[in-house]
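Structural overview for review
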Amino acid sequence: MEAVVIPFYAPSIDESDIEAIASVMRSGWLASGPRVREFEQRFAEKTGATFAVATSSCTAALFCALRSMGIGPGDAVIVPSLTFTATAEAVLQNGAKVVFSDVGANCTMATAATIRSAIESHRAETGKDVSAVVITHYGGEIAGDIGAINELCRELGIVLINDCAHCLDSSFLSKTPVDEAWLPVGKLPGLCCFSFYPNKCITTGLGGMITGNDADIIAACRALVNHGISRSANRFNWDYEITSEGFNFNMPDTAAAMGIAQLLKSSALHYARSSASMRYDAAFLDHRYLRIVTGKLSTSRSSNHLYAVALDHPTISRDSLIGSLLERGIEASVHWRPLHRHKVYQQLIQNGRVFCDELINSDNLSSRILSLPLYPSLQTFEQDQVISAVNEILLAY
Ligand SMILES: Cc1ncc(COP(=O)(O)O)c(C=O)c1O
């Protein structure tokens, strides 16, 4: 195995994170408490959302978001196949059926047209309508078609959930017939679910957040996250009422304290990723064999969580490029092999829990994309090494 010199990802942890966690440990309150409430409030402010509910992961956030909107057995939910498994898992764990949608041509995300086409194929095959759409905003870019997707959901009277795992610090151009404005990610229509896994824009170790603007739905999410307990019903300190079904998806105060420390520097982290992303752009724009596939939408200001390129080379495959980079100590990754190409989803398609028509764009793109190292501590000289290695491998033939 080659020694990795430039890893694909390195989390940005400093003394402020360590001190934040240590202070919670000294306080004696380790479970979900005051730091979680503070993190939620600061996160809502940062993302422009009205409300935020902290969770143990983005997967739990997606699960609760869908459930709070009444999604369950008998429902079918659109999910792009080009996403991480958690997006579909959250649907399946609620007992609903996944209907895979394709991504647009030369695009990393589902569009109103690909979603409509998946809805129609599913209806033609089963006679049934779908109840919700989950859209993954790939690499921190807000889907270019989000306005049209929202319109489609409104027209069909169905739920919209945003998988914003990559999207802290993202914003999007919101257009109405009379106006347009740049809005922060928390202003997206529907609920948004964020991830604080170590490779994400900020980290709490493991953790997630649901944001939204509807008080009743957010109250339902909060109850689901914490055993269905209602504190407003309590008469005494020790007392509470269980008013709904629930789970234990709470975030502990140790994680929340780290989240607050991370949030305070998230703009600086975003700036560093954006600068590195621009350096890659300068190197790969008009490249003979590479097409940049992230950060290109004029309607989105990306969090720059990922930097992905699509390879189109007469003799070198994507996998051999990744292998040759690794031989030079550089780790790259792929986001993602589409879910319908994984064994378990093929079984689920066979037994009817998942519906999948042809997904030509997803198959085409996923065989050619790779993500290059991109994180705040990536040094300029390291980035130069990545760029030189890519060119050395591709231009040598
Ligand atoms: C698009 C997407 N959704 C959801 C998740 C799940 O996040 P978590 O690990 O916080 O559950 C991830 C994690 O990588 C992701 O990339």
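How each quantity is defined
Residues numbered from 1 in each chain as written. Predicted model: local features only at pLDDT ≥ 70, side-chain atom pairs only at ≥ 80, totals over all residues. Heavy atoms only, no water. UniProt positions renumbered as here; feature names shortened; annotations may be inferred. Pairing = 2+ DSSP bridges. Helix = DSSP H or I, 4+ residues; strand = E, 2+ residues; numbered from the N terminus. Axes fitted to C-alpha atoms, helices over the stretch in contact; angles between N-to-C directions. Buried < 20%, exposed > 50% of the residue type's maximum accessible area, 1.4 Å probe, protein only. Right-handed = clockwise from strand over helix to strand, strands pointing away. Domains from an automatic or database assignment. Contact = heavy atoms within 4.5 Å. Buried area = accessible area lost by both parts, 1.4 Å probe. Near = heavy atom within 4 Å. Polar contact = N/O pair within 3.5 Å; in protein donor to acceptor, adjacent residues only side chain to side chain. Areas by Shrake-Rupley, 256 points an atom, 1.4 Å probe, with all protein chains shown as cover. Nonpolar A, V, L, I, M, F, W, Y, C, P; charged D, E, K, R; others polar. Phe/Tyr/Trp six-rings, centres within 6.5 Å; stacked < 30°, edge-to-face > 60°. Core = buried A, V, L, I, M, F, W, Y, C linked by side-chain atoms within 4.5 Å. Salt bridge = Lys/Arg side-chain N within 4 Å of Asp/Glu carboxyl O.

In the annotation of an unreviewed UniProt entry, the protein chain is listed under the name DegT/DnrJ/EryC1/StrS family aminotransferase and assigned to Rhizobium lemnae. UniProt, in the comment section headed Sequence similarities (unreviewed entry), describes the protein chain in these words: "Belongs to the DegT/DnrJ/EryC1 family."

1. Thoughts on the sheet that holds strand β14 (residues 307-311)
A sheet is described by the order of its strands in space; here three strands give the open sequence β12-β14-β16, paired in antiparallel fashion. Strands at the two margins of the open sheet, each flanked by one partner only, are β12 (290-292) and β16 (369-372). On average, each strand axis in the sheet is tilted by 35° relative to the strand beside it, whichever way the strands run. Note that β14 and β16 share four bridges and pair antiparallel. Along β16, the bridge assignment pairs Ala-310 with Ile-369.

2. Some remarks on the pairing of strand β5 (residues 159-163)
Of all five residues in β5, five are buried; the element is thus mostly enclosed. Of the two faces of β5, the one carrying Val-159, Ile-161 and Asp-163 and the one carrying Leu-160 and Asn-162 are both buried. With five bridges connecting them, strand β4 (residues 132-136) and β5 associate as parallel partners. Counterpart to Thr-136 in the pairing with β5 is Asp-163. Each parallel crossover has a hand, and for β4 linked through helix α6 (residues 146-156) to β5 it is right-handed. Bridge count between β5 and strand β8 (residues 191-195): three bridges; the pairing is parallel. Looking at β8, one finds that Ile-161 is bridged to Leu-191.

3. Side note on unusual backbone geometry
Backbone torsion omega between His-335 and Trp-336 reads 0°, so that peptide bond is classified as cis. Topologically, Trp-336 is positioned in the loop between α10 (318-327) and α11 (343-350). Of note in the backbone geometry, His-227 takes a positive phi value of approximately 65° without being a glycine. Looking at the secondary structure, you find His-227 in the loop between α7 (215-225) and β10 (229-230). Given the relative accessible area of 36%, His-227 is considered partly exposed.

4. Details of the domain arrangement of the protein chain
What the domain assignment reports for the protein chain is domain 1 (15-265) and domain 2 (267-395). For domain 1 and domain 2, the distance between their C-alpha centres works out to 24 Å. With 50 residues of domain 1 in contact, the opposing surface of domain 2 contributes 42 residues. Of all residues in domain 1, Phe-100, Tyr-138 and Glu-141 give up the largest surface area on contact with domain 2, accounting jointly for 18% of the area buried on that side.

5. Digging into the site of the ligand
Around the ligand there are 16 residues in total, and Thr-59, Asp-163, His-166, Ser-195 and Lys-200 lie nearest to it. Cys-58 is positioned such that a nitrogen or oxygen atom in its backbone is 2.9 Å from an oxygen atom of the ligand. Contact with the protein chains removes 91% of the 390 Å² of surface that the ligand exposes when unbound. Sorting the residues of the shell around the ligand by element identifies α3 (58-68) and α4 (85-93) as the ones contributing at least two each. Tallied by class, residues from the shell around the ligand come to six nonpolar, eight polar and two charged.

6. With respect to the sheet that holds strand β7 (residues 180-184)
Pairing between sheet strands relies on hydrogen bonds along the backbone, with the strands arranged either parallel or antiparallel. Here three strands make up an open sheet; going across it, the order is β7-β6-β13 and the pairing antiparallel. Two strands lie at the open edges of the sheet, namely β7 and β13 (300-301), each paired on one side alone. Pairing between strand β6 (residues 171-175) and β7: five bridges, direction antiparallel. Bridge pairing links Lys-175 to Glu-180 in β7.

7. Considerations on the packing of aromatic side chains
Summed over all chains, the structure comprises twelve aromatic pairs. Ring centres of Tyr-138 and Trp-336 lie 5.5 Å apart, and the angle between their planes is 80°; on these two criteria the pair is classed as edge-to-face. Residue Tyr-138 is located in the loop between β4 and α6, and its partner Trp-336 is located in the loop between α10 and α11; the two are separated by 198 residues in the primary sequence. For Tyr-138, a relative accessible area of 1% corresponds to the buried category. Accessibility expressed as a relative area gives 10% for Trp-336, which makes it buried.

8. Here we look at the nonpolar core
If you look at the biggest cluster of nonpolar residues, it comprises 56 residues, and the most contacted ones within it are Phe-39 and Phe-194. Built from parts of two domains, this core gets at least three residues from each of domain 1 (15-265) and domain 2 (267-395). Discounting residues that sit within four places of it in the chain, Phe-39 has contacts with Phe-196, Ile-202, Thr-204, Met-209, Met-251, Ala-256, Gly-259, Ile-260 and Leu-263. Counting residues in each nonpolar core, the second largest holds 36 residues, with Val-77, Ile-210, Leu-339 and Leu-348 among its members.

9. Here's the deal with the pattern of salt bridges
Across all of its chains, the model carries 17 salt bridges by this definition. Between Glu-245 and Arg-67 there is a salt bridge, with its nearest N and O atoms 2.5 Å apart. Here Glu-245 is found in the loop between β11 (241-242) and α8 (253-264), whereas its partner Arg-67 is found in helix α3, with 178 residues between them in sequence. Taking relative accessible area as the criterion, Arg-67 reaches 24% and is therefore assigned partly exposed. Taken together, the salt bridges that share partners define one network made up of Asp-14, Asp-17 and Lys-265.

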